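Letter by letter, the chains look like this.
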Amino acid sequence: MFKISIQLRKSSDNARLNPICDTNALPEALTNRQGATRSPTTNTFSSLALISGLVFEDLQHDARYRELSRAGTVASLGFQAGAAFPIRSKDKILGTLHVTNLTKRQFAPEELQLLESIAQQVGVASENAKIFEELREAKERAELSDRAKSDFLANMSHELRTPLNAIIGFSQMLVDKKAGPLNPDQKEFLSDILKSGEHLLEVINDVLDLAKVASGKLELKVQSFSLREAIAETCGVVKPMADERNVAINVDASIDNDIVTLDLLRFKQVLYNLLSNAIKYNHANGNVKIALTVDEQKQIRLQVKDTGIGIEEEDLPRIFHDFVQLNIGTTKVQQGTGLGLALSKKILEQQKGSITAESEVGHGSTFTVVLPLVSPST
Ligand code: ADP
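Residues numbered from 1 in each chain as written. Predicted model: local features only at pLDDT ≥ 70, side-chain atom pairs only at ≥ 80, totals over all residues. Heavy atoms only, no water.

Caption draft 1: Here's a closer look at the overall build of the chain. Helix and strand content of the chain: 10 helices and 11 strands. Looking at the chain as a whole, 42% of its 378 residues are labelled buried. Only carbon and sulfur atoms are counted for the fraction: they give 55% of the accessible area of the chain, which is about 21400 Å². (Helix = DSSP H or I, 4+ residues; strand = E, 2+ residues; numbered from the N terminus. Buried < 20%, exposed > 50% of the residue type's maximum accessible area, 1.4 Å probe, protein only. Areas by Shrake-Rupley, 256 points an atom, 1.4 Å probe, with all protein chains shown as cover.)

Caption draft 2: Seen up close, the nonpolar core. Phe267, Ile319 and Phe367 are the most contacted members of the largest nonpolar core, which has 47 residues in total. Ranked by the residues each element gives to this core, the list is headed by helix H9 (residues 264-280), at eight residues. Excluding anything up to four places from it in sequence, Phe267 contacts Phe225, Leu227, Ala230, Ile231, Ile300, Leu302 and Leu371. If you look at the next biggest cluster of nonpolar residues, it comprises 14 residues, including Phe2, Phe85, Leu94 and Ala119. (Core = buried A, V, L, I, M, F, W, Y, C linked by side-chain atoms within 4.5 Å. Contact = heavy atoms within 4.5 Å.)

Caption draft 3: Broad picture of the sheet that holds strand E11 (residues 364-372). Sheet architecture is open: five strands sit in the order E6-E8-E9-E11-E10, paired in mixed fashion. The open sheet has two free edges, formed respectively by strand E6 (248-252) and strand E10 (354-360), since each of these has just one partner strand. Averaged over all adjacent pairs, the angle separating strand axes in this sheet is 15 degrees, with direction ignored. Here E10 runs beside E11; their pairing, made up of seven bridges, is antiparallel. (Pairing = 2+ DSSP bridges. Axes fitted to C-alpha atoms, helices over the stretch in contact; angles between N-to-C directions.)

Caption draft 4: Examining the site of the ligand more closely. Taken together, 19 residues lie near the ligand, and Asn277, Tyr281, Asp306, Thr337 and Leu341 sit nearest. Tyr281 places a side-chain nitrogen or oxygen 2.9 Å from an oxygen atom of the ligand. Gln325 places a polar side-chain atom, nitrogen or oxygen, 3.0 Å from an oxygen atom of the ligand. Residue assignment for the shell around the ligand shows that the elements contributing at least two residues are H9, helix H10 (340-350) and E11. Class assignment for the residues of the shell around the ligand results in eight nonpolar, nine polar and two charged. (Near = heavy atom within 4 Å. Polar contact = N/O pair within 3.5 Å; in protein donor to acceptor, adjacent residues only side chain to side chain. Nonpolar A, V, L, I, M, F, W, Y, C, P; charged D, E, K, R; others polar.)

Caption draft 5: Seen up close, helix H7 (residues 184-214). Over its 31 residues, H7 runs 45 Å from end to end, which matches the ideal 45 Å to within 8%, given 1.5 Å per residue. The residue sitting at the N-terminus of H7 and contributing the capping side-chain oxygen is Asn183; that oxygen lies 3.1 Å from the backbone nitrogen of Asp185. Note on H7: the residue one or two positions beyond its end, Gly216, has a positive phi of about 70 degrees. (Expected span 1.5 Å × (residues − 1).)

Caption draft 6: Main features of the pattern of salt bridges. On inspection of all chains with the given rule, the structure shows 14 salt bridges. Between Arg136 and Glu133 there is a salt bridge, with its nearest N and O atoms 2.8 Å apart. Residue Arg136 and its partner Glu133 are both found in helix H6 (residues 109-175); the two are separated by three residues, about one turn of the helix. A single salt-bridge network, built from bridges that share partners, covers Glu133, Arg136 and Glu140. (Salt bridge = Lys/Arg side-chain N within 4 Å of Asp/Glu carboxyl O.)

Caption draft 7: Spatial organisation of the environment of Thr100. Structurally, Thr100 can be placed in strand E4 (residues 92-101). Overall, Thr100 belongs to the buried group, its relative accessible area being 8%. Between the alpha carbons of Thr100 and Val55 there is a distance of 9.9 Å; along the sequence they are 45 residues apart.

Note that every value here comes from positions in space, so none of it alone points to a role or purpose.
Rendered as structure tokens:
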């Protein structure tokens, strides 16, 4: 019985598949393929040319072996026969599979074919193992940098919010004439400072929330509440905006039991995002309908339907991505952050809910939120 061994190159360098490759870790004569095609001396050796290996049936008396191996290491270890096959992966040689035998020996074509096919399989397995390892390392690197990014965003957002709240607070006091009367220009400029400050705060809060979701630190504060009341309160918040654009809001929430156990603030945040979009991207004098139902799976379905500008079909999946804003420059709508829907989606998914959108350009959009009646985190 001959002995089979496998030697793989230690480094993953890019040795090209070349008749003379650097295989210094391998028994030297067995790995030099030059002789394999240059001076076949036996029938078995001819068949070798077909399967591109190297076979010596009588090492001690084989002139080719002496020519190829000046040191004669394999023969000096007492072996009298040997064969070697390259272990390849694509265009690289990863190593060799070699067999040695203490006595002279003829290798049958089937044996050589079997050995070559083992070498091929080893090549495939090594390549797969390498790819798997590279993927694992890349995943680890990505997770690390994602964590660093989330931590950076969380710290930055915190540091930015403190001075921003002061800017908003003091400009609000000036607008309210707490420091004396203002002329019309001063009032206008201060209102712009206030509006921009509030917008910036909205962006920072959204970024902070996104960072929290990404790092798994968004904690849900679950409580029982009435959906009808939560909807009415959120409608109250967006009413001034709707009035300004003369957009009517109607609610149809005629379900028997409207008590749910979810995160109330996050529910209102999602609804606020949907309603403010339904108003912002609506035509003047348009309307918004809120419909609340419970589906067969005992989940709540909240629909916000507007009669606004609509969204192109190919844009629908993109609107849930971070910082995506369509229609920039084409509509005179209030500026947004491009984060509202992305954040809403993540908040809903954290509670095993979902959000989808349907739309018809020029006719309006419908956003559907599905949520369990009771948050799975309770
Ligand atoms: P933004 O702060 O810009 O509103 P969102 O994440 O809430 O960010 O929405 C992303 C983009 O999706 C918006 O910029 C807008 O182009 C589009 N969009 C969202 N809601 C609607 C809607 N009801 N009608 C038309 N377009 C919408």
